[in-house]
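Each chain, letter by letter, is given below.
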Amino acid sequence: MTYLITILCVVGIATGQILFKLSAASLHKTGSWFAPTTFLTLGAAFALYGVTTLAWVWVLQKIDLGKAYPFMALAFILVPIGSHLFLGERFQNQYFVGVALIAVGIIVSIKS
């Protein structure tokens, strides 16, 4: 259960990053922090980060930081995937080599 919550924290952080980018794009388009799209998207990002932070504190009550923290590196994999799917961002092949190295590092860290 603890590791499931840990993964959900990482997904929440990654989703929050996409929401922050969407709110930045909305702010650029509308020019106002209080435009409905900007305000709601930014509010959702803050709320998600708040809930995720509380869940992370719970996780840290259950397992060592050294065991939990490598999971946070998964955000370096999930955010680019989300930015590609939801924002249409493109990456060079070299970028994916770096992501693969991060994935290997996560696996090595978690198994140690």
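In case you missed it, the structure is sitting above this.
Fair warning: this is a prediction, and the values are worked out from it, not measured in the lab.

Conventions used here
Residues numbered from 1 in each chain as written. Predicted model: local features only at pLDDT ≥ 70, side-chain atom pairs only at ≥ 80, totals over all residues. Heavy atoms only, no water. Helix = DSSP H or I, 4+ residues; strand = E, 2+ residues; numbered from the N terminus. Buried < 20%, exposed > 50% of the residue type's maximum accessible area, 1.4 Å probe, protein only.

Explain the overall build of the protein to me, and be specific about the residues and the numbers.
Counting its regular elements, the protein contains five helices and zero strands. Helices and strands in the protein line up, N terminus first, as α-α-α-α-α. Its C-alpha atoms give the protein principal-axis dimensions of roughly 50 × 35 × 15 Å. Counting only residues that meet the buried cut, the protein has 29% of its 112 residues in that class.

Talk me through the environment of Pro 36; I want residue IDs and the actual numbers.
Mapped onto the elements of the fold, Pro 36 is located in helix α2 (residues 36–62). Take Pro 36: its relative accessible area is 60%, and that puts it in the exposed class. In this structure the C-alpha to C-alpha distance between Pro 36 and Ser 26, which are 10 residues apart in sequence, comes to 9.4 Å.

Just give me the short version of the environment of Gln 94, but keep the residues and values in it.
Looking at the element boundaries, Gln 94 is found in helix α5 (residues 93–111). We classify Gln 94 as exposed; its relative accessible area is 68%. Remark: the alpha-carbon pair of Gln 94 and Ala 44, spanning 50 residues in sequence, is separated by 33 Å.

In short, geometric facts, not functional conclusions.
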